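The chain contents come next:
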Amino acid sequence: MRILVISNLYPPAQIGGYEVLCAEAVKCLAERHEITVLTSNRLGVPSEPGIVRELAYLPDGRRSALRAPAAALHAAKVTRRVLAEVRPELVFVWNGAAMPQTAIRIAEQSGAVVAYSVCQGWFEGLYAGNDLFMRELTPAGAHPGWGQAMRLVNRHPSLRLDLRTRVPASICWVSEAMKRLVPIPPTVEPLEQRVIYTGVHDPDLWTSVERRPPSGRPQILFVGRLEREKGPDVAYRALAALRERHGIEADLVLAGRPNDEMAALLAPLGRELGISERLRLLGQVSPQRVAELMGESSAIVVPSVWDEPSGGICLEAGLARIPVAASRAGGMPEGLLEEEHALYFPIADHDSCADQLARLLRSPDETAARAARAYERAQAFTFDHYMERMNEFVDAAVAAGRSDAVGSAA
């Protein structure tokens with residue numbers, strides 16, 4: 001089968017997460033299908049066979065707004081060319097944020113079967129969100145002057161887009177939380193829908209971890225980008241609360257790349273809380289080093305303050321047998337279940353986070369039993385299993401799309 005995959009980013013990895021999962025899935029799908037990827041040229045990496053890097057990357061901001069009309073026109077021309085060359089039987093959209101969504105609409109209306117993989121909230125704002133060209137073509141277009149100009153641009157022969165028609169499409173959601181929290185956009189008529197949890201790509205790395213936590217002062221591990229959504233400041237406050245509420249002195253090790261905003265916040269926060277000497281900021285480290293840190297740590301804290309789509313780090317921690325305390329955010333409690341496999345606390349509640357860490361540290365037998373159950377649970381979330389489900393979804397999406405087309409024609 002010929003499949004056209006559309007994604008705003010594609011490795012070499014630029015942010016991680018969604019784009020890496022997309023690339024790994026494409027690699028596996030290519031064992032059975034002919035795959036072409038249409039993506040942005042954010043890093044200036046040239047196109048290569050099977051990967052067309054010609055779309056603009058349009059992050060939030062005034063400059064992107066001004067670029068939107070020209071980027072839409074260019075995306076339309078590129079997409080029509082790729083469609084003519086590939087003649088896809090399936091258009092599989094992975095992430096449409098911060099890119100000209102003109103490409104998605106033209107591909108939707110190409111006659112190919114359409115499917116979406118939804119691992120983040122961008123899907124809710126399809127066409128009506130941050131694309132300052134496309135959203136002015138929707139019935140709710142908000143800016144009268146700009147909207148009139150965009151509708152004039154839309155008269156170009158390469159565009160002439162109509163957002164009033166719903167396009168049948170199948171959807172795979174990364175978790176029940178995503179399915180519940182992210183509304184289906186009004187331009188999509190849902191066909192086949194499935195929840196497919198992501199899998200751990202290299203389970204042997206995590207199952208081979210040798211647990212050797214410190215016998216003296218506990219060490220708490222934080223893994224992830226140091227940015228607002230991941231809640232490193234919550235981890236800081238929880239470390240201080242662990243001392244104040246429970247009399248437990250612990251160290252906090254943070255492994256992840258900081259952004260400027262969070263870096264500027266964390267240094268004075270550590271001094272304010274009196275925990276600076278209990279902190280180790282390692283920056284971004286390799287997965288192998290993360291595995292070593294899991295072995296060396298007493299527990300891992302995942303204090304995300306947004307609705308994490310799935311929370312793969314919790315599954316990796318389960319395989320590594322390290323006790324988990326995480327915020328009750330998004331799809332994380334669907335992987336490791338609450339109380340059975342991990343302890344959870346309300347989003348942004350650093351006192352409750354400290355309370356759950358204290359439970360992990362002061363109840364070793366209960367904690368060890370919970371970690372053993374988490375290990376068994378996490379083994380069901382392998383990448384191989386994920387791809388089995390994904391291949392089944394692709395087949396089901398194509399069958400549903402073709403059946404709908406036949407029904408519509410009749």
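Overview of the structure. (Residues numbered from 1 in each chain as written. Predicted model: local features only at pLDDT ≥ 70, side-chain atom pairs only at ≥ 80, totals over all residues. Heavy atoms only, no water.)

### As for the overall build of the protein
Then comes step 1: Tallying secondary structure elements over the protein gives 14 helices and 13 strands in all.
Then comes step 2: On C-alpha atoms alone, the protein measures out to a radius of gyration of 23 Å, which is about the 22 Å that the 2.2 N^0.38 rule sets for 410 residues.
Then comes step 3: Projected onto the principal axes, the alpha-carbon positions of the protein cover approximately 70 × 45 × 35 Å.
Then comes step 4: Counting every position in the protein, which comprises 410 residues, the buried fraction comes to 52%.
Then comes step 5: A separation of at least 24 residues holds for 70% of the contacts in the protein among residues at least 6 apart in sequence.
Then comes step 6: If you sum the accessible surface of the protein, you get close to 17600 Å²; carbon and sulfur atoms cover 50% of it. (Helix = DSSP H or I, 4+ residues; strand = E, 2+ residues; numbered from the N terminus. Rg over C-alpha atoms; globule rule 2.2 N^0.38 Å. Buried < 20%, exposed > 50% of the residue type's maximum accessible area, 1.4 Å probe, protein only. Contact = heavy atoms within 4.5 Å. Areas by Shrake-Rupley, 256 points an atom, 1.4 Å probe, with all protein chains shown as cover.)

### Describing the packing of aromatic side chains
Then comes step 1: Within this structure, the stated rule accounts for 9 aromatic pairs.
Then comes step 2: Judged by centre distance (6.3 Å) and plane angle (45°), the ring pair of Tyr-116 and Trp-122 falls under tilted.
Then comes step 3: Looking at Tyr-116, the relative accessible area reads 0%, which means it is buried.
Then comes step 4: Under the relative-accessibility criterion, Trp-122 is labelled buried at 10%.
Then comes step 5: Residues Phe-383 and Tyr-386 carry aromatic rings whose centres are separated by 5.5 Å and whose planes lie at 40° to one another, so their mutual orientation is tilted. Residue Phe-383 and its partner Tyr-386 are both found in helix H14 (residues 383-409); the two are separated by 3 residues, about one turn of the helix.
Then comes step 6: Among the aromatic residues, those joined into a ring-pair cluster are Tyr-18, Phe-92, Trp-94 and Phe-393.
Then comes step 7: In this structure, Arg-321 packs its charged tip against the face of Tyr-375, placed 3.9 Å from the ring centre. (Phe/Tyr/Trp six-rings, centres within 6.5 Å; stacked < 30°, edge-to-face > 60°. Lys NZ or Arg CZ within 6 Å of the ring centre and 35° of its normal.)

### Let's talk about the environment of Tyr-236
Then comes step 1: One can find Tyr-236 in helix H7 (residues 232-246).
Then comes step 2: With relative accessibility at 2%, the residue Tyr-236 sits in the buried group.
Then comes step 3: Measuring from C-alpha to C-alpha, the distance between Tyr-236 and Pro-268 comes to 11 Å, with 32 residues separating the pair along the chain.
Then comes step 4: Excluding residues that lie within four positions of it along the chain, Tyr-236 makes contacts with Leu-252, Leu-254, Leu-266, Leu-269, Gly-270, Leu-273, Ile-275, Leu-279 and Leu-281.

### Some details on the sheet that holds strand E1 (residues 2-7)
To summarise the sheet geometry, strands pair through backbone hydrogen bonds and adopt either a parallel or an antiparallel arrangement.
Then comes step 1: Taken in spatial order, the 7 strands of this open sheet run E3-E2-E1-E4-E5-E6-E7, and their pairing is parallel. At either end of the open sheet lies a strand with only one pairing partner, and these are strand E3 (51-55) and strand E7 (188-195). Going across the sheet, the axis of each strand differs from the next one's by a mean of 25°, ignoring polarity.
Then comes step 2: Alignment of strand E2 (residues 34-40) against E3, held across 4 bridges, turns out to be parallel. Note that in E3 the partner of Ser-40 across the bridge is Leu-55.
Then comes step 3: Docked against the sheet, helix H1 (residues 18-29) engages E1, E2, strand E4 (90-95) and strand E5 (113-118), running at close to 155° with respect to E4.
Then comes step 4: Where helix H2 (residues 62-86) meets the sheet, its contacts fall on E1, E2 and E3, and the angle it forms with E3 comes to roughly 160°. (Pairing = 2+ DSSP bridges. Axes fitted to C-alpha atoms, helices over the stretch in contact; angles between N-to-C directions.)

### A word on the sheet that holds strand E12 (residues 324-327)
Then comes step 1: The strand order across the open sheet built from 6 strands is E10-E9-E8-E11-E12-E13, with neighbouring strands paired in parallel fashion. Edge positions in the sheet fall to strand E10 (279-283) and strand E13 (343-345), since each of these pairs with one other strand and no more. Pairs of neighbouring strands in the sheet enclose a mean axial angle of 20°, with direction left out of account.
Then comes step 2: Relative to strand E9 (residues 251-255), strand E8 (residues 219-223) runs parallel, the two being bridged by 5 bridges. From the neighbouring strand, Ile-220 faces E9, where its bridge partner is Leu-252.
Then comes step 3: Packing of H7 onto the sheet brings it into contact with E8, E9, E10 and strand E11 (299-302), and relative to E9 it is tilted by some 170°.

### Topic: the packing of helix H10 (residues 312-320) against helix H13 (residues 364-378)
Then comes step 1: Two numbers describe how H10 lies on H13: the axes approach to 7 Å, and their chain directions differ by 115°. When the axes of H10 and H13 are compared, the crossing they make is left-handed. For the pair H10 and H13, the contacting residues are Leu-315, Gly-318 and Leu-319 in the first and Ala-371, Ala-374, Tyr-375 and Ala-378 in the second.
Then comes step 2: Tallied by class, the residues present in the contact of H10 with H13 amount to 6 nonpolar, 1 polar and no charged. (Left-handed = near helix turned anticlockwise from the far one by under 90°. Nonpolar A, V, L, I, M, F, W, Y, C, P; charged D, E, K, R; others polar.)

On their own, these measurements won't tell you what the molecule is for.
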